[in-house]
Structure formats: C-alpha cells, structure tokens
Amino acid sequence: MEIIGVLGAGAMGCGIAQVAAAHGHDVVICDNLTPALTKASKQMQATLKILVEKGKMTDAEAYSLFSRIRLTDHMSDFSKCTLVIEAIVEDVEQKQIAFKSIEATVDAKAIIASNTSSLSISAMGAQLKHPERIMGVHFFNPAPLMRLVEIIPALQTEAKFVDQARKLINSWGKTTVIAKDTPGFIVNRVARPYYGEALRILEEGIADAATIDWAMRDLGGFRMGPFELMDFIGNDINYTVTETVFKSFYFDPRYKPSFTQKRLVDAHYFGRKSGRGFYDYRDGAVLPEPTKDEMLGKQILTRILSMLINEAADALYLNVANRDDIDLAMTQGVNYPKGLLAWADSLGVDNIVRQLDWLHAEYCDDRYRCCRLLRIMAREKKTFYQ
Ligand SMILES: NC(=O)c1ccc[n+]([C@@H]2O[C@H](COP(=O)([O-])OP(=O)(O)OC[C@H]3O[C@@H](n4cnc5c(N)ncnc54)[C@H](O)[C@@H]3O)[C@@H](O)[C@H]2O)c1
C-alpha cells in the first residue's frame, strides 16, 4: 500500500488522514505545532470512539485504523510517501514554502497536492523543480463524510499524475470531478449566488431570512436555506470565500460580497458557533416564523435558482468543468437536490434567460447578465441533456 502524507493536522488534515487510513494506507500527518498534533490525536481518537459506539466499526478496526496514522513534526518523515496532501492555512506564500519543503523530502515522482479552497494551484507549483506532479485535491468538510473531491490540475501538471491521483482517491469511495484552476473551482464558484442573491433579496426588504430559507427549503428542495447554511458554515468563513472569489474575478459584480454579512462578521455574529448569526441560537431564543406566501416563495426560488443556473452554465461555457462534473459537484459537494444544468432543462432554458433578462433590465446591473451559452441554447431550442 502507498504511504500517504498529510501536512497540517487541523480539521481537514485529520479528516483526510482518517479517510486514507480507513482504506488501509499508512498515513503520516505533519504539523509544525506540537499542541496541534496533541489535539489532532485526541480528536481522531474521539471520532473513532463515536464510530464504534454507533456500530460503524469494531473496536479492533478503530484500533488498527489509528495505529496506521503517525503524527510528527518532521517533514522528513514524508520521505516514503507517494502522495502528500497539504492542508495548512489558506495563504499562498506559506503554501509555496511548504511545497518546496515537501519537494525536498519526497521522490521526484511523488504527487504533491493542496487542499486549498480558493488559491491558485499553478502559483503553488511555480517554484518547484518538478511542478508536473502538483495539483489541487479539494476535499469538503467533514472529509470522511462528504463524497466529493475536486481535482484541479495546474498549468504545469502532467495528465498521468492526474489519472493516478484520481484512481487512488476514487478507491477511497470518493466521487472525483476535474476542475480548471480558476477561482473557487466548481463548487465555491457556482454556489456563490445561493448566498449572494439571498442576501440581496433580504437587503431589498423583499422577504426576511426565515421566509427566504423556507422558500429554498420547502419549495426548492434544498437541505438548508441560505441563511441557516451561512450560519452553519460560519459567516466569517463564508464571507471570506465570497470576498476571495470577488477579488480573484477582478471585482466582477456577480460575486460582490454583502455589507449585511460583513456587519455580522464585524460584530462576531459568526452563526451557530458563536451563538448568533442571522438567527439567534442562544438558550431560550425563539426562531422567527417564515411568511408562507407561495407566490412570494416562488419568486424568491426562481430568482436565486436562475442565478445559480447562470453560474453553472457560465462554468460550462468557460470550460471550468464538463456538464456531468458540474452537476455531480453540486449534488455531491453541497447536496443540491438536482444538478443545476439538469434543472435548467426541466424549467426550460428560455424561461431562465427571460428571468435573467428581466432582472438585468430592471436593475441595470451587470451582475444579472445572462451567460452566452444559455442565450444560444434558448435560441436554438437546445437542452443540456437529451
Ligand atoms: N475547513 C473547511 O471547511 C475547509 C474545507 C475545504 C478546504 N479547506 C482548506 O483546507 C486547508 C486547511 O483548512 P483547515 O480548516 O483544516 O485549517 P486548520 O486551521 O484547522 O488547520 C491548519 C493546520 O495547519 C497547521 N500549519 C499551519 N502552517 C503549517 C506549516 N507551515 N507546516 C505544518 N503545519 C502547519 C496548523 O498548526 C493547523 O494545525 C485550508 O487551505 C482550507 O482553505 C478547508
């Protein structure tokens, strides 16, 4: 079995290590902070204990899984690893330094990958002697539970290394999709309007958070409404991703962050983890009731869904990923009830174009510009799937 290396013993590093060890690999986790290693060890043992209590594995299996994981603060312990996944802080300079240190330790054919959510993989490879074996492998949180992994080849990456990594990660029971090295890859790009458009509707006073959440959940079939989801993810994290994507797209108004969410972050109203966000989670607090007005709910759903479909179509038009991978990414990465391109077919591409054109004309805002692919398809009466 190949030995897998993980750099960074935080939430993602531990989750990825657990996945690899569960599939029989010896895993080396390296962190430069001793307390982080101690915390990671305790955290992983606690997670395994819960899995045993829930009957998901036996005591012996948990023991053997944990015994395959070695925690260290020496990167030289990666020397025999054939794949090293970096999961340290989201900072390109720190990741570049880490990549160089990993390269100095491993074989020239070992794959070096980053779990970054938003940074350029090509930039991370710029200073390597053998950048042809670098790539992004973007697991979602929690890594043991979420099936999707986005694989992102850099400009420098050779296809054989991508195939090798994909085969390996598929063998861990994951669904892999290939994404171009562009900001947000697939999921963190295509999902932006779920939050951004909901925030616009709130700011305009069209509906309150509870009503928008109700519309998306009960009428749209999404597992969580946008506001409960932002509170769940953490407004600090969600806002930062939006801001990073906005800056990376040279301030395209489609990804513009919201002052409403920024003020929550300023006030440390991060969501569930801090007790307050869009909603109040403190003891005794009562959640607000939505206004269950079907017509209003449908308007909200149509507006947000059209923006999501526009984003998915644009990702396809600009070759960020293929049709199937875009739909798979959204259903398996963020649990959308349907792939957005398949959803466009069932709603009628021409109806989506009409909705977007109406928003564009009404608001005179470039944010609502319709993707050229949708316009061509509507004109030629085409669908994404036959
Ligand atoms: N948390 C998420 O929901 C999520 C989801 C997908 C991807 N990611 C990405 O995964 C990466 C890690 O995220 P996380 O939430 O696990 O972070 P985290 O803060 O929980 O853990 C990061 C760990 O890296 C260690 N570290 C920092 N610099 C280091 C270095 N130079 N050498 C060795 N160890 C170092 C820290 O001590 C810490 O233990 C980030 O790039 C993040 O964007 C996070």
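Located above this text is the structure these notes cover.
Keep in mind it's a predicted model, so treat the numbers as computed, not measured.

A.B. asks: Break down unusual backbone geometry for me, with residues and values.
C.D. replies: The peptide bond linking Asn141 to Pro142 adopts the cis configuration, its omega dihedral lying at 0°. Mapped onto the secondary structure, Pro142 falls in the loop between β6 (134–139) and β7 (148–153). Even without a glycine there, the phi angle at Phe251 is positive, about 60°. Checked against the element boundaries, Phe251 lands in the loop between α11 (235–248) and α12 (259–266). The backbone of Cys364 sits at a positive phi, close to 50°, despite the residue not being glycine. Mapped onto the elements of the fold, Cys364 is located in the loop between α16 (349–363) and α17 (372–379).

A.B. asks: Describe the pairing of β7, with residues and values.
C.D. replies: Taking burial as the measure, the 6 residues of β7 include 6 buried ones, the bulk of the element. Side chains Leu148, Glu150 and Ile152 project from β7 onto one buried face, and the interleaved Val149, Ile151 and Pro153 project onto a second face that is buried too. Pairing geometry for β6 and β7, over 5 bridges, is antiparallel. Within β7, the position partnered with Gly136 by the bridge is Ile152. When β7 meets strand β8 (residues 175–178), the two strands line up parallel, connected through 4 bridges. What sits directly across from Leu148, in β8, is Thr175.

A.B. asks: Just give me the short version of the sheet that holds β8, but keep the residues and values in it.
C.D. replies: Here we have 8 strands laid out as an open sheet, ordered β3-β2-β1-β4-β5-β6-β7-β8, and mixed in their pairing. Taken across any chain shown, the strands that pair with only one partner, and hence form the sheet edges, are β3 (69–72) and β8. For this sheet, the mean inter-axis angle between neighbouring strands, taken without regard to orientation, is 25°. Across 4 bridges, strand β4 (residues 83–86) lies against strand β5 (residues 111–114) in parallel orientation. Residue Leu83 lies in a different strand from β5, and its bridge partner there is Ile111.

Definitions and limits used
Residues numbered from 1 in each chain as written. Predicted model: local features only at pLDDT ≥ 70, side-chain atom pairs only at ≥ 80, totals over all residues. Helix = DSSP H or I, 4+ residues; strand = E, 2+ residues; numbered from the N terminus. Buried ≥ 20, exposed ≤ 12 C-beta atoms within 10 Å, placed from the backbone. Pairing = 2+ DSSP bridges. Axes fitted to C-alpha atoms, helices over the stretch in contact; angles between N-to-C directions.

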